[in-house]
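For reference, the chains in residue letters:
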Amino acid sequence: MTEAELIAKGIEPEEAMHMVLAYDVGFKEGQEAMQRHLRITLGLEKPTRSEKAYWNPTIPLIT
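Residues numbered from 1 in each chain as written. Predicted model: local features only at pLDDT ≥ 70, side-chain atom pairs only at ≥ 80, totals over all residues. Heavy atoms only, no water.

### So, the pattern of salt bridges
Right, on to step 1. This model, assessed by the stated rule, comprises three salt bridges.
Right, on to step 2. The closest approach of N and O atoms between Glu51 and Arg36, which form a salt bridge, is 2.9 Å. Here Arg36 lies in helix α2 (residues 13-41) and Glu51 lies in helix α3 (residues 49-55), a separation of 15 residues in the sequence.
Right, on to step 3. With a shortest N-O distance of 2.5 Å, Arg39 and Glu45 are connected by a salt bridge.
Right, on to step 4. Given a relative accessible area of 30%, Arg39 falls into the partly exposed group.
Right, on to step 5. A residue is classified by how much of its surface remains accessible, and Glu45, at 27% relative accessible area, is partly exposed.
Right, on to step 6. Each of Arg36, Arg39, Glu45 and Glu51 takes part in salt bridges that share partners, so that together they form one network. (Salt bridge = Lys/Arg side-chain N within 4 Å of Asp/Glu carboxyl O. Helix = DSSP H or I, 4+ residues; strand = E, 2+ residues; numbered from the N terminus. Buried < 20%, exposed > 50% of the residue type's maximum accessible area, 1.4 Å probe, protein only.)

Okay, structure coming up:
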């Protein structure tokens, strides 16, 4: 939804601007995370230690 559409629905202009910006930032971060996960899955990149710990907490961080 665009800023103009939000304003037309009665949302304050400043709040509408923040809503659109937050959506765009969240979408971009999610897209980057999915691309990174795909590259790791394909073996193009290796996961970081913290990613390994998050995905499999039974593995100790000290290696």
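### Some words on a nonpolar patch on the surface
Right, on to step 1. Side chains of Leu38, Leu42 and Leu44 sit close together on the surface and give an oily, nonpolar patch of about 340 Å² of accessible area.
Right, on to step 2. Position of Leu42 among the secondary structure elements: in the loop between α2 and α3.
Right, on to step 3. Taking relative accessible area as the criterion, Leu42 reaches 58% and is therefore assigned exposed. (Patch = residues over 30% accessible without salt bridge, like charges linked within 9 Å, V, L, I, M, F, W, Y side chains within 5 Å. Areas by Shrake-Rupley, 256 points an atom, 1.4 Å probe, with all protein chains shown as cover.)

Nothing here speaks to function; it is all geometry.
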